[in-house]
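Chain and residue survey
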Amino acid sequence: MRALKINGGQVLNGTINASGSKNAALPMMAAAILTDSPIRLRRVPDLQDVRSMSRLLELLGVSVSRPEGGIIDLQATSLPQSPLAPYELVRTMRASVLVLAPLLVRYGQAAVSLPGGCAIGARPIDQHLKALEALGAQISVREGYVHASVRQLTGARICFDMPTVGGTENALMAAAGARGESVIENAAREPEISALAELLRTMGADISGDGSGTIQVQGNDALAGADATVIADRIEAGTYLLAGAATRGSVRVQGATASHLDALLTKLRDIGARVNVDEAGIEVDAVSADLRPQDVRTAPFPGFATDLQAQWMSLMATVDGSAEVIETIFENRFMHVPELQRMGADVRVQGSVAVIRGGAPLSGAPVMATDLRASAGLVIAGLAANGTTDVLRIYHLQRGYELLDEKLKTLGADVQMYDRDATVPRIEDDISTAVTT
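These figures come from a predicted structure and were not determined experimentally.

Here is what the cut-offs are and how they apply
- Residues numbered from 1 in each chain as written.
- Predicted model: local features only at pLDDT ≥ 70, side-chain atom pairs only at ≥ 80, totals over all residues.
- Heavy atoms only, no water.
- Pairing = 2+ DSSP bridges.
- Helix = DSSP H or I, 4+ residues; strand = E, 2+ residues; numbered from the N terminus.
- Expected span 1.5 Å × (residues − 1).
- Buried < 20%, exposed > 50% of the residue type's maximum accessible area, 1.4 Å probe, protein only.
- Contact = heavy atoms within 4.5 Å.
- Axes fitted to C-alpha atoms, helices over the stretch in contact; angles between N-to-C directions.
- Polar contact = N/O pair within 3.5 Å; in protein donor to acceptor, adjacent residues only side chain to side chain.
- Left-handed = near helix turned anticlockwise from the far one by under 90°.
- Nonpolar A, V, L, I, M, F, W, Y, C, P; charged D, E, K, R; others polar.

Pairing between strand S7 (residues 109-113) and strand S9 (residues 145-149): five bridges, direction antiparallel. Among the inter-strand pairings, Ala-110 is bridged to a residue of S9, identified as Ala-148. The loop that links strand S8 (residues 138-142) with its antiparallel partner S9 comprises two residues; one of these, Glu-143, has a positive phi angle of about 55°.

Over its 12 residues, helix H2 (residues 48-59) runs 17 Å from end to end, which matches the ideal 16 Å to within 8%, given 1.5 Å per residue. All of the buried residues along H2 are Asp-49, Val-50, Ser-52, Met-53, Ser-54, Leu-56 and Leu-57. Taken together, the buried residues of H2 touch helix H1 (22-30), strand S4 (63-65), strand S5 (72-75), strand S6 (84-85) and helix H3 (87-90). One or two positions beyond H2, positive phi appears at Gly-61, with a value near 95°.

So, about the sheet that holds strand S10 (residues 157-159). Strand order across the open sheet formed by four strands is S10-S11-S13-S12, with mixed pairing between neighbours. Here the strands that pair on one side only, and so sit at the sheet edges, are S10 and strand S12 (206-208). Going from strand to strand, the sheet's axes swing by 15° on average, the running direction of each strand aside. Judged from the three bridges that link them, S10 and strand S11 (residues 181-185) form a sheet pairing that is parallel. Within the sheet, the bridge partner assigned to Ile-158 lies in S11 and is Ile-184.

By the criterion of burial, S7 is predominantly enclosed, with four of the five residues buried. Relative to S7, S6 is paired through two bridges, and the arrangement is parallel. Within S7, the residue paired with Ala-85 across the bridge is Val-112.

Moving on, we get to the environment of Arg-252. Along the chain, Arg-252 falls in strand S15 (residues 250-254). Looking at Arg-252, the relative accessible area reads 15%, which means it is buried. Put simply, Arg-252 and Ile-16 are 236 residues apart on the chain and 6.5 Å apart in space, counted from C-alpha to C-alpha. Contacts of Arg-252, omitting those with residues within four sequence positions, involve Gly-14, Thr-15, Ile-16, Asp-278, Ala-280, Gly-281, Ile-282 and Glu-283. Polar side-chain contacts of Arg-252 include one of 2.7 Å to the side chain of Gln-254.

Assignment of secondary structure puts Ile-158 in strand S10. Separated by 28 residues in the primary sequence, Ile-158 and Asn-186 have C-alpha atoms spaced 8.6 Å apart.

What follows concerns the side chain of Gln-309. Checked against the element boundaries, Gln-309 lands in helix H10 (residues 309-316). Under the relative-accessibility criterion, Gln-309 is labelled buried at 0%. The contact partners of Gln-309, leaving out residues within four places of it in the chain, are Thr-298, Phe-304, Val-325, Glu-327, Arg-333, Phe-334 and His-336.

What follows is about the packing of H1 against helix H7 (residues 191-203). Two packed helices can be described by the angle between their axes and the distance between those axes. The N-to-C vectors of H1 and H7 enclose an angle of 35°; their axes lie 9 Å apart at closest approach. Crossing handedness for the pair H1 and H7: right-handed. Across the interface between the two elements, Asn-23, Ala-24, Pro-27 and Met-28 of H1 pack against Glu-192, Ala-195, Leu-196 and Leu-199 of H7. A class-by-class count of the residues in the contact of H1 with H7 yields six nonpolar, one polar and one charged.

Each neighbour pair has its own omega, and for Phe-301 with Pro-302 the value is 15°, a cis peptide bond. Tracing the backbone through its elements, the reader meets Pro-302 in the loop between strand S18 (296-297) and H10. Its identity as a non-glycine residue notwithstanding, Ser-288 has a phi of 60°, on the positive side. Along the chain, the position of Ser-288 falls in the loop between strand S17 (281-285) and S18. Given the relative accessible area of 75%, Ser-288 is considered exposed. If you check the backbone angles, Leu-403 has positive phi at about 55° while not being a glycine. Its place among the elements puts Leu-403 in the loop between helix H13 (395-398) and helix H14 (404-410). Its relative accessible area of 44% is what places Leu-403 among the partly exposed residues.

Right, dumping it as structure tokens:
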């Protein structure tokens, strides 16, 4: 099993390029099912989740090829009459459920496995199913699978009980291929929603309001092919900017979009870091900065992203004083705290609130990743710590961070990916694999 060795104490300085967004690329790939014309996506990151989605689409009859780095060509010309997304694939990547709406649009039926458990908390898909039922689909859940069928999806008003990114994406794709007009209310506002909407517009759907809580869609039952570029990964960019601040360095992420990170950049300015933004990217400079603690409360976009919470906590562990992190999205997203405590961080958790009393030096230690973003938080702590940190179960990171070790080395980090000795007992392997964003 792969692990990441970090010899901490190096100040990160330099420039890296932003990768394409995993969370934008996956629904865009699923949207290829909506048409039999070719779809070309550019700046697609080379990640495990992208490979998993590619395998699922190939199983469903979509041709998938990567003619060169960052480009994926997809064409759905031979989908099966009874399309099935099996548990074996869906359980490894929750975004697999995004094939449900396109399959309904294209073939009028689908069977998709329920995603199963998630380490960071409950993430049911009831809102996805509510949206499809509003558009006319007949849905039943049997033996762990969602079975859906429809003669013709018809435009309708969809009102979510709460904003849901995946639910909004499934609703958007279904409405794009439905007959008539749909209105999606209480829609998620994340940039990845607008990225999908832009692709669907290129394919021939009439969509407005994405980025707000209400989206209008005029469907098109003859959607065409498209050539689109995936937006920059805001969570990856935020992670490297936070790593720069935690090591008191200066890091620039070329290609990152500042408007996608307003909440984080505001907090970085509040703690005393210098933030420079231009059309080409974002720079955070904490060299010689006297950083001060700052509380955060996670919230749906445009609030502070839950996917940056663990990374922020690691930064606060390096800052003198006390800060609170309030998690409002997922109930189990403090699983990295015991690992930070192993490194000397003073963190106390009560319910949805974590209190960090920072400033004491962190020390390197073997730590175990529990999910994708927790892993990133542990990497930041290791970079800021004295001594050596081994981050185990690195496959979590490989689901969401393209060329992580190479980018960190470009910034001056002393890191190395390695294969653990097969003779070493792997206690962490006894813990079931977590599937998270």
